[in-house]
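Letter by letter, the chains look like this.
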Amino acid sequence: MDRSSLLQLIQEQQLDPDNTGFIGADTFTGLVHSHELPLDPAKLDMLVALAQSNERGQVCYQELVDLISSKRSSSFKHAIANGQRALPRDGLLDEPGLGVYKRFVRYVAYEILPREVDRHWYFYRHRSCPPPVFMASVTLAQIVVFLCYGARLNKWVLQTYHPEYMRSPLVYHPGHRARAWRFLTYMFMHVGLEQLGFNALLQLMIGVPLEMVHGLLRISLLYLAGVLAGSLTVSITDMRAPVVGGSGGVYALCSAHLANVVMNWAGMRCPYKLLRMVLALVCMSSEVGRAVWLRFSPPLPASGPQPSFMAHLAGAVVGVSMGLTILRSYEERLRDQCGWWVVLLAYGTFLLFAIFWNIFAYDLLGAHIPPPP
């Protein structure tokens, strides 16, 4: 049922003859049943919640249109939250007779979303097309690039110590700052099998469910923002070091998800959440520790500085700021939220500062960077 047919039906039935801007929930529900209109069960639940948040049991006309059009605003979220405790449907865990894929969708809903009303909304309106292609494509490309360089160099761990590795056009190197694509393409290169395995595992376990719930556009924006912030932060704080690996984007996704879980601890229904939180923090901290060790205490002779670890930390900052804003705005318009514009302003300011830094600071400070390979 699209927006135009809904408007036509409401006008024909004169559900709002006095032009008050509100429609009785019982009246609209009766209209749905009498005309056998295809309306998702989750949307009927939302309709009841909206009515319960209104003193007269009415629904705002614009909110009703947004509901049918699958759009949700901050005011919609507030209204739903006020009426949430009276939602009539049981939890999704009680849904019988689900197939394998719908069980997976239910699993994703409980892993990612903190509120039952949002889990219902996602479960009933989820479609398998388009699939979560971004995270899968990035992971596949990283694996293919790693296999190509591993076969070419005949080296599968600590590839950065091979003299030919840094000559790749994908690696970020401070001597090649003018080649702007390297600030992003370094995410396809990895130090070795251990870093690739860690990043690929997190991208598939956390990135794919996040993309299923929040969509390709938002998750790709978050991931690439973490990657770009990682290389730019290294160019500012560790000026002589190169960067490889997708850790900036991975840590943006993971830190955003972990922060969202912590801030909605009571509402999250994922099993063993405390144990999993501790394990995730230990693994992420260990990866940062490994990167610090390789940066300052290389186990093998190297022709230049080893890749920096600052991309991990920059990605985590992007996740806690931009990522948390995105994850807390499920099915809401980001442009309607003041916090989103504050985050974008802060990120844009950082980008401008980093660009001017890379243009002028290296010469002004007389930084001695290693010659580009």
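Residues numbered from 1 in each chain as written. Predicted model: local features only at pLDDT ≥ 70, side-chain atom pairs only at ≥ 80, totals over all residues. Heavy atoms only, no water.

Asks: What am I meant to see in empty space enclosed by the protein here?
Replies: Over the atoms, a rolling probe the size of a water molecule traces out where space has been left empty. The tally for this structure, following the rule as stated, stands at one cavity of 30 Å³ or more. Reported here for the largest cavity is a volume of approximately 130 Å³. V191, Q195, A291, P307 and S308 are, among the 17 residues lining the largest cavity, the residues nearest its centre. Sorting the residues of the lining of the largest cavity by element identifies α12 (247-263), α13 (273-296) and α14 (310-327) as the ones contributing at least two each. Here the element with the most residues in the lining of the largest cavity is α13; it accounts for three residues. Classifying every residue of the lining of the largest cavity by side-chain character gives eight nonpolar, eight polar and one charged. (1 Å grid on protein atoms, 1.4 Å probe; cavity = no way out; pocket = protein on both sides within 12 Å on 5 of 7 lines; lining within 4 Å. Points joined across faces, edges and corners; volume = space filled by probe spheres on them. Helix = DSSP H or I, 4+ residues; strand = E, 2+ residues; numbered from the N terminus. Nonpolar A, V, L, I, M, F, W, Y, C, P; charged D, E, K, R; others polar.)

Asks: Please clarify how the packing of helix α10 (residues 193-214) against helix α11 (residues 216-237) should be interpreted in this entry.
Replies: The relative placement of two packed helices is expressed as an angle between their axes plus a distance between the axes. Axis separation between α10 and α11 bottoms out at 7 Å; the angle between their running directions is 135°. Relative to α11, the element α10 is oriented oblique. Taking contact as the criterion, the partners of Q203, G207, L210, E211 and H214 in α10 are, on α11, L216, R218, I219 and Y223. Residues of the contact of α10 with α11, tallied by class, amount to four nonpolar, three polar and two charged. (Axes fitted to C-alpha atoms, helices over the stretch in contact; angles between N-to-C directions. Parallel < 35°, antiparallel > 145°, perpendicular 65-115°, else oblique. Contact = heavy atoms within 4.5 Å.)

Asks: I tried to follow unusual backbone geometry on my own but got confused; where do I start?
Replies: With the exception of glycine, most residues fall at negative phi, and the peptide bonds are largely trans. C129 connects to P130 through a cis peptide bond whose omega is 5°. Here P130 shows up in the loop between α7 (116-125) and α8 (133-153). With a phi angle near 55°, N154 is a residue other than glycine that sits in the positive phi range. For Y272, which is not a glycine, the phi torsion comes out positive at approximately 55°. For Y272, the position within the fold is in the loop between α12 and α13. The exposure class assigned to Y272 is exposed, which follows from its relative accessible area of 66%. (Buried < 20%, exposed > 50% of the residue type's maximum accessible area, 1.4 Å probe, protein only.)

Asks: Please explain the confidence of the model for the protein chain as it appears in this structure.
Replies: Any segment with low pLDDT has predicted coordinates that should not be analysed in fine detail. Mean pLDDT over the protein chain works out to 83, with 75% of the residues at or above the 70 mark. Looking across the protein chain, the model is least confident in helix α5 (residues 74-83), with a mean pLDDT of 49, and most confident in helix α9 (residues 182-185), with 97. (pLDDT = per-residue confidence, 0-100.)

Asks: Explanation requested: the packing of α8 against α11 in the structure shown.
Replies: Relative orientation of the contacting elements α8 and α11 amounts to 40°, with a least axis distance of 9 Å. As judged from the angle between their axes, α8 and α11 are oblique. Contact with α8, carried on its side by V133, F134, M135, V138 and Q142, involves L216, I219, S220, Y223 and L224 of α11 and no other residues of that element. For the contact of α8 with α11, the per-class residue count stands at eight nonpolar, two polar and no charged.

Asks: Looking at this structure, how should I read the environment of H190?
Replies: Within the secondary structure, H190 is located in the loop between α9 and α10. According to the relative accessible area criterion, H190 is buried, its value standing at 2%. Linking H190 and F146, residues 44 residues apart in sequence, is a C-alpha distance of 6.9 Å. Setting aside its immediate chain neighbours within four residues, H190 contacts Q142, Q159, Y165, Q195, L196, N199, V244, G245 and G246. Within the structure, the side chain of H190 is placed 3.5 Å from the backbone nitrogen of G246, a separation counted as a polar contact. (Polar contact = N/O pair within 3.5 Å; in protein donor to acceptor, adjacent residues only side chain to side chain.)

Asks: Sorry, what's going on with α13 here?
Replies: Residues that lie three or four places apart on an α-helix share one face, since the helix turns once every 3.6 residues. With 24 residues, α13 should cover 34 Å at 1.5 Å per step; its first-to-last C-alpha distance of 35 Å lies within 8% of that length. What α13 keeps buried is the set K273, M277, M284, E287, V288, R290, A291, L294 and R295. Those residues of α13 that are buried are in contact with α10, α12 and α14. (Expected span 1.5 Å × (residues − 1).)

Asks: What exactly am I supposed to notice about the UniProt feature "transmembrane region" (unreviewed entry) in the protein chain here?
Replies: As annotated by UniProt and renumbered to match this structure, "transmembrane region" (unreviewed entry) occupies residues 133-152, 183-204, 216-236, 248-267, 274-296, 308-327 and 339-360. Across residues 133-152, helical content stands at 100% and strand content at 0%; the span's end C-alpha atoms are separated by 28 Å. End C-alpha to end C-alpha, residues 248-267 measures 28 Å, and it is 80% helix and 0% strand. (UniProt positions renumbered as here; feature names shortened; annotations may be inferred.)

Asks: Would you mind going over helix α6 (residues 100-112) with me for this structure?
Replies: Between its terminal C-alpha atoms α6 stretches 19 Å, which fits the 18 Å expected from 13 residues at 1.5 Å a residue. Among the residues of α6, V105, R106, V108, A109, Y110, E111 and I112 are the ones counted as buried. In the core, the buried residues of α6 are packed alongside α7, α10, α12 and α13.

Asks: Could you clarify how one ought to interpret the packing of aromatic side chains in this entry?
Replies: The geometry of an aromatic ring pair comes down to the distance between the two centres and the angle between the two planes. Inspection of the entire model under this criterion finds nine aromatic pairs. Where F104 meets Y107, the ring centres are 6.2 Å apart and the plane angle is 25°; that geometry is what we call stacked. Remark: Y107 and F104 occur in helix α6; sequence separation between them is three residues, near one turn of the helix. Of the residues examined, Y107 reaches a relative accessible area of 44% and is grouped as partly exposed. The cationic tip of R177 hangs over the ring face of Y362; the distance from NZ or CZ to the ring centre is 3.7 Å. Sitting above the plane of the F296 ring, R295 keeps its charged end 5.3 Å from the centroid. (Phe/Tyr/Trp six-rings, centres within 6.5 Å; stacked < 30°, edge-to-face > 60°. Lys NZ or Arg CZ within 6 Å of the ring centre and 35° of its normal.)

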